[in-house]
Amino acid sequence: MLVEHASVCTLDCPDTCSLTVTVEDNRITKVRGSETLSYTGGVVCNKVAHHTAEWVHGEHRIQHPMRRTGPRGSGSFERISWDEALDLIAERVNAVIAQHGPQAVMPLNYAGPHGMLSGDSMSLRFFHKLGASQLFRRALCGGVRSEAWAGTYGAAPGIGPEAAAGAKLNILWGNNATVTNLHLVRQVRASKRQGGKLVVIDPWRSKIAEQADLHIALQPGTDVVLGFALATELERMGAHDRAFIDRHVHGYDDFMALAREWSVDRAAETCGIPAEQIHTLARWMAEADPLVMAPGNGLERGRNGGSGIRAAIALPALLGKMNRTNGIVLGAGSAFPRTVSRLTRPDLLPPGTRTLNILDVGRYLERDDLDPPLRALFIYNHNPLVVHPDQNRLRRGLAREDVFLVGIEMSMTESMEYCDVILPAASAYECDDLYGAYGHHWLQRAEPVIPPRGESLPNTEIFRRLAARFGFDDPCFKADDKTLMDEALAVDDPRLDGVRPSALTGARRMTADGQAMVLFDTVMPATPSGKVELASDTLAAKWGEQARLPGFRTRPEDFPLKLISPASADRISSTLLGLGGKPGEAPPLLMHPRDADARGVAAASQVRVWNSLGAVVLPLLVTDAVPPGVVASEKGAWLATSPTGQTISALVSADDRADLSEGACFNDTAVEVAAA
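Keep in mind that this is a model prediction, so the values were computed, not measured. (Residues numbered from 1 in each chain as written. Predicted model: local features only at pLDDT ≥ 70, side-chain atom pairs only at ≥ 80, totals over all residues. Heavy atoms only, no water.)

Caption draft 1: Local environment of the pattern of salt bridges. Scanning the entire structure with this criterion turns up 50 salt bridges. R303 is the partner of E557 in a salt bridge, and the nearest nitrogen-oxygen pair spans 2.4 Å. Here E557 is found in the loop between α21 (537-543) and β24 (561-564), whereas its partner R303 is found in the loop between β12 (291-295) and α14 (305-319), with 254 residues between them in sequence. The shortest N-O distance in the salt bridge between E447 and R445 comes to 3.5 Å. (Salt bridge = Lys/Arg side-chain N within 4 Å of Asp/Glu carboxyl O. Helix = DSSP H or I, 4+ residues; strand = E, 2+ residues; numbered from the N terminus.)

Caption draft 2: Focus on the sheet that holds strand β1 (residues 2-8). Reading across the sheet, the three strands line up as β1-β2-β3 and stay open at both edges, with antiparallel pairing between neighbours. Each of the sheet's edge strands pairs with one partner strand only, and the pair in question is β1 and β3 (27-33). Strand-to-strand twist in this sheet, taken as the mean axis angle between neighbours without regard to direction, amounts to 30 degrees. Bridge count between strand β2 (residues 18-24) and β3: six bridges; the pairing is antiparallel. Bridge assignment links V21 to a residue of β3, and that residue is V31. (Pairing = 2+ DSSP bridges. Axes fitted to C-alpha atoms, helices over the stretch in contact; angles between N-to-C directions.)

Caption draft 3: Here's a closer look at the packing of helix α9 (residues 223-236) against helix α13 (residues 275-287). In contact at an axis separation of 9 Å, α9 and α13 are set at 60 degrees when each is read in the N-to-C sense. Judged by the inter-axis angle, α9 sits oblique to α13. Between α9 and α13 lies a crossing of right-handed hand. Within the contact between the two elements, α9 uses L226, A229, L230, E233 and L234 and α13 uses I278, H279, L281, A282, M285 and A286. Considered class by class, the residues forming the contact of α9 with α13 number nine nonpolar, one polar and one charged. (Parallel < 35°, antiparallel > 145°, perpendicular 65-115°, else oblique. Left-handed = near helix turned anticlockwise from the far one by under 90°. Contact = heavy atoms within 4.5 Å. Nonpolar A, V, L, I, M, F, W, Y, C, P; charged D, E, K, R; others polar.)

Caption draft 4: Here's a closer look at unusual backbone geometry. The omega angle of the peptide bond from D289 to P290 is 10 degrees, so this bond is cis rather than trans. Note that P290 resides in the loop between α13 and β12. Non-glycine residue R345 carries a positive phi angle of around 55 degrees. The residue R345 is located in the loop between α15 (340-344) and β14 (355-357) in this model. Take R345: its relative accessible area is 24%, and that puts it in the partly exposed class. (Buried < 20%, exposed > 50% of the residue type's maximum accessible area, 1.4 Å probe, protein only.)

Caption draft 5: Inspection of the environment of N181 at higher detail. Take N181: it is sitting in the loop between α6 (177-180) and α7 (182-193). N181 sits in the buried class, given a relative accessible area of 10%. In sequence terms N181 and D15 are 166 residues apart; their C-alpha atoms lie 6.2 Å from each other. Residues in contact with N181, not counting those within four places in the same chain, are P14, D15, Y39, N175 and N176.

Caption draft 6: The environment of D15, seen in detail. Checked against the element boundaries, D15 lands in the loop between β1 and β2. Sequence separation of D15 and R186 is 171 residues, and the distance between their C-alpha atoms is 12 Å. A polar atom in the side chain of D15 sits 2.7 Å from the side chain of H183. (Polar contact = N/O pair within 3.5 Å; in protein donor to acceptor, adjacent residues only side chain to side chain.)

Caption draft 7: Spatial organisation of the pairing of strand β29 (residues 669-675). Burial analysis of β29 places five of its seven residues in the buried class, which makes it a mostly covered element. When β24 meets β29, the two strands line up antiparallel, connected through three bridges. Looking across to β29, one finds that L563 is bridged to T669. Of the pairings in the sheet, the one linking strand β26 (residues 606-611) to β29 comprises four bridges and is antiparallel in character. By the bridge assignment for β29, W610 is matched with E672.

Caption draft 8: View of the packing of aromatic side chains. Applying the stated criterion across every chain, the model contains 17 aromatic pairs. Arranged with centres 5.7 Å apart and planes meeting at 45 degrees, the rings of F126 and F472 form a pair that is tilted. Here F126 is found in helix α4 (residues 122-130), whereas its partner F472 is found in the loop between α19 (459-469) and α20 (481-488), with 346 residues between them in sequence. Judged by its relative accessible area of 13%, F472 falls in the buried class. Measuring from centroid to centroid gives 5.2 Å for F127 and F378, while their planes differ by 75 degrees, and the two rings are edge-to-face. Taken together, the positions of F127 in helix α4 and F378 in strand β15 (residues 376-380) put the pair 251 residues apart, joining distant regions of the chain. A single burial state applies to F127 and to F378, both of which are buried. An aromatic cluster of at least three residues, connected via ring pairs, comprises F126, F127, F378, Y380, F463, F470, F472 and F477. The cationic tip of R465 hangs over the ring face of W82; the distance from NZ or CZ to the ring centre is 5.5 Å. (Phe/Tyr/Trp six-rings, centres within 6.5 Å; stacked < 30°, edge-to-face > 60°. Lys NZ or Arg CZ within 6 Å of the ring centre and 35° of its normal.)

Caption draft 9: Focus on the pairing of strand β17 (residues 421-424). Burial along β17 is two-sided: V421 and L423 facing one way and I422 and P424 facing the other are all buried. Here strand β16 (residues 404-409) pairs with β17 via four bridges, running parallel. Bridge pairing in β17 links E409 to P424.

Caption draft 10: Highlighting the sheet that holds strand β6 (residues 105-109). Spatially, the six strands line up as an open sheet ordered β5-β4-β17-β16-β15-β6, and their pairing is mixed. Each end of this open sheet is capped by a strand with a single partner; those strands are β5 (77-79) and β6. Neighbouring strand axes in the sheet, compared pairwise and without regard to direction, differ in orientation by 20 degrees on average. Where strand β4 (residues 66-68) lies against β5, three bridges are found, and the strand directions are antiparallel. Across the sheet, M66 pairs through a bridge with R79, a residue of β5.

Below is the structure:
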């Protein structure tokens, strides 16, 4: 018997779609978009529609606790009971604590499911109580963007993406929206049908760039220079709104002193673009009303990532185009009345507990240069061996036999193959959870649509059992999932309209007194000055005096080509097991004809992409979709896709950092290419 259930897509995407899931005999047979969330409006990406059933029910699904029986990475395991698994974990972790102290233990997790409970709730309560080393996760992705936004506008949401439909000019900056922001594309297309223009700023001519009225294919890492040149050109045109600036902008003079160093001609040369493109964009920005800008993740992933975002998001403020119809689609996470401390209980954490950057885990494991050293890791909501920079260093670290590895996962990923014990995690379709979003202002609640597969359990229950096995008897470890929901959000916040989070149904838009949350209309910047801070003392205090203002950094490169790694239409990072999981499915390397001819590889079917950190063999696609000096290959492919057993993450330095949040530089990777 076929039954349809309401659900929510939990994967790492700003859209957080509402779903209709068809179930027959406790098996998912079909997934499609639903109308529950009006913004996503019945449309869902092909990735989720085509691969969800295989992901939940396929051969890779982990359904029982397992213990490793072969060498690390061999994938040799035997089935054990939950009691055996929990006993073994408690025994080994307690032995580590007895010898080295609790900070020798650490979670290694990121953002697999985006549910408030599955993401990090009971899990962090457990690690806080244990006294484990804390993990700074946002350096891997999202932290640069969040810091740049918060430093400029504070913890206030930007305009909702629905505004793009009415814009006379949409600017998608570093946003591969067709793949990663599908419903924003629908709004942009609505704008274009009404005569609106679209500008895409991205080194790669993506699908959305092919539809643009103007595609600016700048060199990676030069976005801040383009932003400065636009600010200078808009000032020359008399387009700065001095009344708005005087009332609402802090640090204007200092910002513009830097921007004026970049004339249009100088910036064009540095960015590798025609000067006329900068003149055209400045003119369109000055003329357009409404103007909507939607920066994407690609913008942050380089040495100048924070500066690039700050220079971009300064432009609407300089123009005074910040109101109910004009603005920036960013900062949506601030729309939700989260109560993170109530949910994760940092008060349980012993004073003085250290925090480690997620990008440094490979180095700490390989070099053993910490005191106390890392000797037990819990890997969950994450596939670090595919996702982390410097893949080979992390692999060497995970291969250490003296480090106890616990995996909590629903699929047998490459990272799980290195674990000593694996616990089976329930999928999002088998759990209760709450979902905010980082791309819109809608809150959703989902309930299970099928029972957990095999012996799998929700993350919350897994960590309840771990807490009990470690003897943690605080009442907070006995809280059920409905209680956790009510602790995840401020139940008395007017945005919830008196409805407890655990009683929510469907989708609820977060508003300010019933009105859409809009900067300079229903909400104001939440910075210390209450203004748009183009110069930020807050960022300077956190990341160094050089972060007070945006800046442009260069460094000598040992290899001549810049590798960027856009998202895939087939996968969400390494999730869903779509194309890119098997030998022969490596995403191609895109290379400009000029670069291919210079290396004699134009006729090659495969090339070796390499630097001092590793080498990957990829199919070659010679195309002008990337500019000279830039090569591109999609992220998230599994190790099996390349004959070298590596992916492009092996080529990315884990030591190079962005200018904010110590962020990873995935789109700032120097490589060379030769025939394979």
